[in-house]
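Read off the chains here:
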Amino acid sequence: MMIVLYIFMGIFALFLLLVLLLIVLKKINDKKTEQDVLKFIVKNPDRASFYVMENGKILVNTGAEIKRPLASVVKIMVLAEFAEQVSAGMIDVAEEVHLSSLNRFYIPKTDGGAHSKWLDNLKEQGLDLEAKCTLKEVARGMILYSSNANTEFLIEKLGLEAINHRIQEWGLEQHDLIYPLSSSMLIPSYLMDTLDLSKKQVAAYIADISYSDYANKASEIFNLLQSDEEGKWIDQLNRQETSGLKLQELWSAKLPGSTVQEYAHMLADIQEGKLLSEQAQPIFHELMEIKLKNPEPFIYVGQKGGSSISIINQVIYSEDMNGNKIQFALFIHDPFGADRIWLNKKFDLFINKFFKDEPFKQQVVEALA
């Protein structure tokens, strides 16, 4: 009896120690600032890539040619194809879309609440969620709210081949061809069911599979979801057992990739009107550019972030009232567990300081020179 009591007291003591450790870590992390983000970038070139241009001059160039997973940043390419097809008259921004059509691709508890936040915004606009919204609103939900379901719907509407052709046509040599991102989240359970693999075997299979074969698996699932109005496949495949840390990290690592250099130069070419057709440019910019509460000193700012359990990315283009144009691309992949928490919280602080605090911007440039 005493042995059981001692074991219980030992477990309880360890639990209290863990709680105290978490409290201490939280206090330490809460005190971190933009300076700590800069230190992380400087000390972790294997995990962080950063590239900034201003008026054609390279200010920051660290890890610029290392390909890293894009996460939702890749949705920029979907938007580009959307804008071109609208301008060519192939699709109509005013076309009405049944919200139930989007539900075919909605996988609960996998998008950080992005799709639900978009739907809440539609409610605030007075839209009946049993009704329809415009195709333009679907694209807005993809970019502003980062809805994966909307992205998948637009991939279906635009055609995956057309989006990937755009990547090739623009000469993005480091950019992976994309595949249905949301569908790929179901690959682990799909493999367990179709190949009769254990969770451990699935992890090994995904780690070893080629990018093209992995993309084909995502497309197989995408094809199943397209015709599944009742959501049976998502109900079957969206299982808790395949949502562990290891599989999430593997999913993140397998996402389409590119480099900060490639994205910064692409944004510069878009700003200069070199990539999009004249008719497509206003469509793209309207959906990419955000409304700032305090816009000064900017005329416009376009941005898209991307994140997962092991990815924190942000790309931005801007022009200020003096005509200065900046392209900013920062990709962080696979930070250590403790770093993930505070980096997520301080990432926006670092970016805001960089754009609005000239002395801090110069400090960043000098630290990464």
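In case you missed it, the structure is sitting above this.
The structure contained in this document is the topic of the report that follows. The structure presented is a predicted model; accordingly, all values stated were derived computationally and were not measured.

So, how was this worked out
Residues numbered from 1 in each chain as written. Predicted model: local features only at pLDDT ≥ 70, side-chain atom pairs only at ≥ 80, totals over all residues. Heavy atoms only, no water. Core = buried A, V, L, I, M, F, W, Y, C linked by side-chain atoms within 4.5 Å. Buried < 20%, exposed > 50% of the residue type's maximum accessible area, 1.4 Å probe, protein only. Helix = DSSP H or I, 4+ residues; strand = E, 2+ residues; numbered from the N terminus. Contact = heavy atoms within 4.5 Å. Phe/Tyr/Trp six-rings, centres within 6.5 Å; stacked < 30°, edge-to-face > 60°. Lys NZ or Arg CZ within 6 Å of the ring centre and 35° of its normal. Axes fitted to C-alpha atoms, helices over the stretch in contact; angles between N-to-C directions. Parallel < 35°, antiparallel > 145°, perpendicular 65-115°, else oblique. Left-handed = near helix turned anticlockwise from the far one by under 90°. Pairing = 2+ DSSP bridges. Salt bridge = Lys/Arg side-chain N within 4 Å of Asp/Glu carboxyl O. Expected span 1.5 Å × (residues − 1). Nonpolar A, V, L, I, M, F, W, Y, C, P; charged D, E, K, R; others polar. Lys, Arg positive; Asp, Glu negative; His and termini not counted. Polar contact = N/O pair within 3.5 Å; in protein donor to acceptor, adjacent residues only side chain to side chain.

## Description of the nonpolar core
Counting 85 residues, the largest nonpolar core has F82, L154, W170, Y263, M266 and F284 as its most contacted members. With 8 residues, helix α3 (residues 75-87) is the largest single contributor of residues to this core. Setting aside residues up to four positions removed in sequence, F284 forms contacts with I76, L79, A80, A83, I270, L276 and Y317. F298, F328, F347 and V365 belong to the second largest nonpolar core, which has 28 residues in total.

## Some details on the packing of aromatic side chains
Following the criterion strictly, the structure yields 14 aromatic pairs and no others. Every member of this aromatic cluster is reached through a ring pair, and the members are F50, F298, F328, F350, F354, F355 and F360. K32 extends its terminal NZ or CZ atom over the ring of W342, reaching a point 4.8 Å from the ring centre. Here the basic side chain of K254 rests over the ring of Y214, its NZ or CZ set 5.9 Å away from the ring centre.

## Focus: unusual backbone geometry
The phi dihedral of A71 is positive, around 55 degrees, even though this residue is not glycine. Within the secondary structure, A71 is located in the loop between β3 (68-69) and α3. Positive phi, close to 55 degrees, is recorded for D196, a residue that is not glycine. The topology assignment puts D196 in the loop between α10 (187-195) and α11 (199-208). Among the residues examined, D196 registers a relative accessible area of 67% and is labelled exposed.

## Observations concerning the packing of α3 against helix α7 (residues 148-158)
Interaxial distance between α3 and α7 falls to 10 Å at its minimum, and their mutual angle equals 45 degrees. The pairing of α3 with α7 is recorded here as oblique in orientation. The hand of the α3/α7 crossing is left-handed. Taking contact as the criterion, the partners of K75, V78, E81, F82 and Q85 in α3 are, on α7, N148, T151, L154 and L158.

## Description of the sheet that holds strand β8 (residues 311-320)
Think of a sheet as strands paired side by side through backbone hydrogen bonds, with each pair either parallel or antiparallel. The sheet built from 5 strands is open, its strands ordered β2-β1-β9-β8-β7 with antiparallel pairing. The outermost strands of the open sheet, each flanked by one partner alone, are β2 (57-62) and β7 (298-308). In this sheet, adjacent strand axes meet at a mean angle of 5 degrees when their direction is disregarded. Here β8 pairs with strand β9 (residues 325-333) via 9 bridges, running antiparallel.

## A look at the pattern of salt bridges
Summed over the entire model, instances satisfying the criterion amount to 18 salt bridges. A salt bridge links K136 to E286; the shortest N-O distance between them is 2.6 Å. Highlighted residues: K136 in helix α6 (residues 135-144) and E286 in helix α16 (residues 281-288), separated in sequence by 150 residues. Notably, a salt bridge pairs R239 with E241, separated by 2.7 Å at the nearest N-O pair. A relative accessible area of 22% places R239 in the partly exposed class. You can call E241 partly exposed: its relative accessible area is 37%. The network of salt bridges with common partners includes E54, E358 and K361.

## Some remarks on the pairing of β2
Bridge count between strand β1 (residues 48-54) and β2: 5 bridges; the pairing is antiparallel. Within β2, the residue paired with F50 across the bridge is T62. Connecting the antiparallel pair β1 and β2 is a turn made up of 2 residues, with N55 showing a positive phi of about 55 degrees.

## Some points on α3
Structurally, the α-helix is built with 3.6 residues per turn, so residues lying three or four positions apart point the same way. For α3, with 13 residues, the first-to-last C-alpha span of 18 Å sits near the 18 Å given by 1.5 Å per residue. By the burial criterion, the buried members of α3 are K75, I76, M77, V78, L79, A80, E81, F82, A83, E84, Q85 and V86. The positive-phi residue at the C-terminal boundary of α3 is G89, with phi of around 75 degrees.

## A look at the packing of α3 against α16
Close contact between α3 and α16 brings their axes to 8 Å; oriented N to C, the two are set at 140 degrees. In terms of orientation, α3 lies oblique with respect to α16. As for how α3 packs across α16, the hand of that crossing is right-handed. Residues I76, L79, A80, F82, A83, V86 and S87 of α3 lie in contact with α16, whose contacting residues are I283, F284, L287 and M288. Looking at the contact of α3 with α16 residue by residue, the classes come out as 10 nonpolar, 1 polar and no charged.

## Considerations on the side chain of K304
Topologically, K304 is positioned in strand β7. Buried charge without a salt bridge: K304, with D111 as the nearest opposite-charge side chain at an N-O distance of 11 Å. Within the structure, K304 has its side chain in polar contact with the side chain of S146 (distance 3.0 Å). When near neighbours in sequence (up to four residues on either side) are disregarded, K304 contacts S72, V73, K75, I76, M142, I143, S146, M288, Q314 and V315.

Don't take any of this as a statement about function, it's just geometry.
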